[in-house]
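Listed here are the chains, written in short residue letters.
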Amino acid sequence: MALEQQLRVPGPTPLPERVVRSQSRPMINHRGPEFAALMAEVCSGIQEVLRTRNDVLLFPSSGTGGLEAAVANMLSPGEKALFCSIGSFGDRWADIATAYGVDVVRLKMPEGEAIDPEDVERLLAENPTIEKVFVTHNETSTGVTNDMPPIAAVVKGRGKLIAVDSVSGASCLPLDTDGLGLDVVVTGSQKGWMAPPGLAMIAVSKDAYAAAERAKLPRWYFDFAREKKFQERNQTYTTPPVSVMYAVQEGLHMILEEGVENVWARHALVGSMIRGGVEAAGLRLFAAKPYRSNTVTPIHNPAGTPEELSKLLTLLRTKHGLVLAGGQGDLKGKIFRIGHLGAVDIGDVFVILAYLELALSEMGLLSRVGLMVPAAQAIAREGVASAEPAGVH
Ligand SMILES: *Cc1c(COP(=O)(O)O)cnc(C)c1O
């Protein structure tokens with residue numbers, strides 16, 4: 001039995017000790033000066049990481065609340081809008097819009113594949129009334145990262161608004177919010193930001209605010225306009241999760257000390273190492289090249305039946321203290337997923353791969369052991385340049 005559990009699901013992610021300690025402080029008044037300073041620092045740090053000068057609105061919520069906020073603020077009942085889905089989270093966004101009475105046009109790709117910008121172009125040409133496009137940056141259920149620059153270029157080239165779910169991409173994968181003209185970017189504290197769940201962060205452009213003024217969907221808790229007013233005073237409308245914000249602040253210190261580009265490069269290297277390691281032992285990656293995510297790696301079930309896969313994950317958790325994720329929705333029993341985002345480094349990859357290989361061999365699923373870690377070491381030695389293209393952005 002391992003002494004400590006290693007959490008390697010694609011969110012919530014492990015908390016560095018610095019982050020854990022940052023939260024154990026006395027509570028403060030969320031209408032007082034200490035909170036205003038915290039809020040100002042957190043928002044400007046997120047802006048720096050997201051490469052944006054747009055406001056970053058903070059809502060006490062999980063990431064899904066951020067997705068709902070984008071829908072409720074940008075759209076009107078019966079309005080036609082394009083939702084590009086490459087998996088469960090893309091479907092969730094479209095489902096939220098459907099529940100709100102939006103006329104959803106769904107561009108749906110087979111699981112494991114990325115959005116083709118030409119499909120977006122075609123659908124916008126066929127549906128000239130569509131003014132807003134919703135895209136998942138990094139689909140956590142399938143381990144696919146959409147190539148955002150050409151997708152954004154198509155949408156912005158037609159003068160439309162684009163909203164992006166980067167809950168599991170932001171801070172780990174390159175995303176140039178202002179360079180690409182992204183109008184709404186949604187992310188959440190428990191993924192790449194190395195903080196606990198509880199805070200949705202949403203970057204909102206001037207055009208998105210203007211659209212929110214015209215949009216007629218009902219909204220209360222997630223109202224951008226009201227939140228903006230409070231945020232101008234460095235407050236939130238409702239009581240914020242202050243302790244989570246201390247954690248986000250400390251996570252931001254770590255990200256900015258390392259350097260945002262270095263954080264991206266670390267994720268690219270770690271992603272390559274995980275992929276190289278599991279493939280060296282003959283396991284099969286689920287996502288299509290070259291869109292494989294550098295934050296989460298889904299792997300085809302190496303154990304045969306869903307029951308055997310479940311045994312593998314249980315063995316890893318109970319005997320080796322390594323917590324990996326199964327598949328979501330249709331992919332349950334077909335794949336398992338390794339989360340490698342936020343607090344993850346080369347050494348963590350060795351541990352993940354070594355335990356995975358051990359458990360696979362304990363279940364009689366590997367004919368040869370000792371392949372995974374050396375393959376990952378070779379990638380680490382040569383750096384990411386020699387590995388498969390370091391993910392798109
Ligand atoms: C985690 C995640 C979300 C939000 O999930 P919550 O459980 O509501 O925080 C949304 N989109 C993607 C791509 C995610 O990975």
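Residues numbered from 1 in each chain as written. Predicted model: local features only at pLDDT ≥ 70, side-chain atom pairs only at ≥ 80, totals over all residues. Heavy atoms only, no water.

With 57 residues, the main nonpolar core has Ile46, Leu58, Leu82, Val120, Ile162 and Trp193 as its most contacted residues. Looking at which domains feed residues into this core, each of domain 1 (6-11 + 259-386) and domain 2 (17-257) gives three or more. Contacts of Leu82, omitting those with residues within four sequence positions, involve Val105, Leu107, Val120, Leu123, Leu124, Ile130, Lys132, Val133 and Phe134. (Core = buried A, V, L, I, M, F, W, Y, C linked by side-chain atoms within 4.5 Å. Buried < 20%, exposed > 50% of the residue type's maximum accessible area, 1.4 Å probe, protein only. Domains from an automatic or database assignment. Contact = heavy atoms within 4.5 Å.)

Around the ligand, the surrounding shell consists of Ser62, Gly63, Thr64, Phe89, Arg92, Asn138, Thr140, Asp165, Val167, Ser168, Gln190 and Lys191. The side chain of Thr140 places a nitrogen or oxygen atom 2.4 Å from an oxygen atom of the ligand. Here an oxygen atom of the ligand sits 2.7 Å away from a polar atom, N or O, in the side chain of Lys191. In the complex, the protein chains occlude 88% of the 380 Å² of accessible area that the ligand would expose alone. Elements represented by at least two residues in the shell around the ligand include exactly α3 (63-74) and α4 (88-99). (Near = heavy atom within 4 Å. Polar contact = N/O pair within 3.5 Å; in protein donor to acceptor, adjacent residues only side chain to side chain. Areas by Shrake-Rupley, 256 points an atom, 1.4 Å probe, with all protein chains shown as cover. Helix = DSSP H or I, 4+ residues; strand = E, 2+ residues; numbered from the N terminus.)

This part covers the sheet that holds strand β3 (residues 80-85). Ordered in space as β2-β10-β9-β8-β5-β3-β4, the seven strands form an open sheet in which the pairing is mixed. The open sheet has two edge strands, β2 (55-60) and β4 (103-108), and neither has a second partner. Each strand axis lies, on average, 20° off the axis of its neighbour in the sheet, ignoring direction. Inspection of the sheet shows strand β5 (residues 132-136) paired to strand β8 (residues 161-165) by five bridges, in the parallel sense. The residue bridging Val133 from the neighbouring strand is Ile162, located in β8. (Pairing = 2+ DSSP bridges. Axes fitted to C-alpha atoms, helices over the stretch in contact; angles between N-to-C directions.)

Looking now at the environment of Arg292. Along the chain, Arg292 turns up in the loop between α11 (260-280) and β11 (296-300). For Arg292, the side chain forms a polar contact with the main-chain oxygen of Ala287, separated by 2.9 Å.

We now examine the domain arrangement of the protein chain. The domains assigned to the protein chain are domain 1 (6-11 + 259-386) and domain 2 (17-257). For domain 1 and domain 2, the distance between their C-alpha centroids amounts to 28 Å. The interface is formed by 26 residues belonging to domain 1 together with 28 residues belonging to domain 2. Roughly 2,200 Å² of surface becomes buried between domain 1 and domain 2 when both sides are summed, with 61% attributable to carbon and sulfur atoms. Summed over the shared surface of domain 1 and domain 2, the number is one salt bridge. (Buried area = accessible area lost by both parts, 1.4 Å probe. Salt bridge = Lys/Arg side-chain N within 4 Å of Asp/Glu carboxyl O.)

Right, let's talk about the packing of aromatic side chains for a bit. Geometry of an aromatic ring pair is reported as the spacing of the ring centres plus the angle between the planes. Summed over the entire model, instances satisfying the criterion amount to eight aromatic pairs. The interplanar angle of 35° and the centroid separation of 6.5 Å between the aromatic rings of Phe59 and Phe224 together place this pair among those described as tilted. Of this pair, Phe59 sits in strand β2 while Phe224 sits in helix α9 (residues 224-232); the two residues are 165 residues apart in sequence, bridging distant segments of the chain. Residue Phe59 is classed as buried on the basis of its relative accessible area, which comes to 1%. A relative accessible area of 0% places Phe224 in the buried class. (Phe/Tyr/Trp six-rings, centres within 6.5 Å; stacked < 30°, edge-to-face > 60°.)

With respect to the helices and strands, Ser22 occurs in helix α1 (residues 17-23). Residue Ser22 is classed as buried on the basis of its relative accessible area, which comes to 5%. Put simply, Ser22 and Gly90 are 68 residues apart on the chain and 33 Å apart in space, counted from C-alpha to C-alpha. Apart from the residues within four sequence positions on either side, Ser22 is in contact with Tyr246, Ala247 and Glu250.

We now examine helix α2 (residues 33-50). Given a rise of 1.5 Å per residue, 18 residues ought to cover 26 Å, and the 26 Å separating the end C-alpha atoms of α2 matches this to within 8%. When we look at burial in α2, the residues that qualify are Phe35, Leu38, Met39, Val42, Cys43, Gly45, Ile46, Val49 and Leu50. Taken end-on, α2 shows its buried residues confined to a sector of 165°, consistent with a single buried face. The first or second residue beyond α2 is Arg51, which carries a positive phi of 55°. (Expected span 1.5 Å × (residues − 1). Arc of directions from axis to C-beta.)

With that settled, consider the sheet that holds strand β14 (residues 335-339). Read across the open sheet, the three strands follow the order β11-β14-β13; overall the sheet is antiparallel. Looking at the sheet topology across the chains shown, the edges are occupied by β11 and β13 (325-326). Relative to β14, β11 runs antiparallel, the two being bridged by five bridges. Paired with Pro298 across the bridge in β14 is Arg337.

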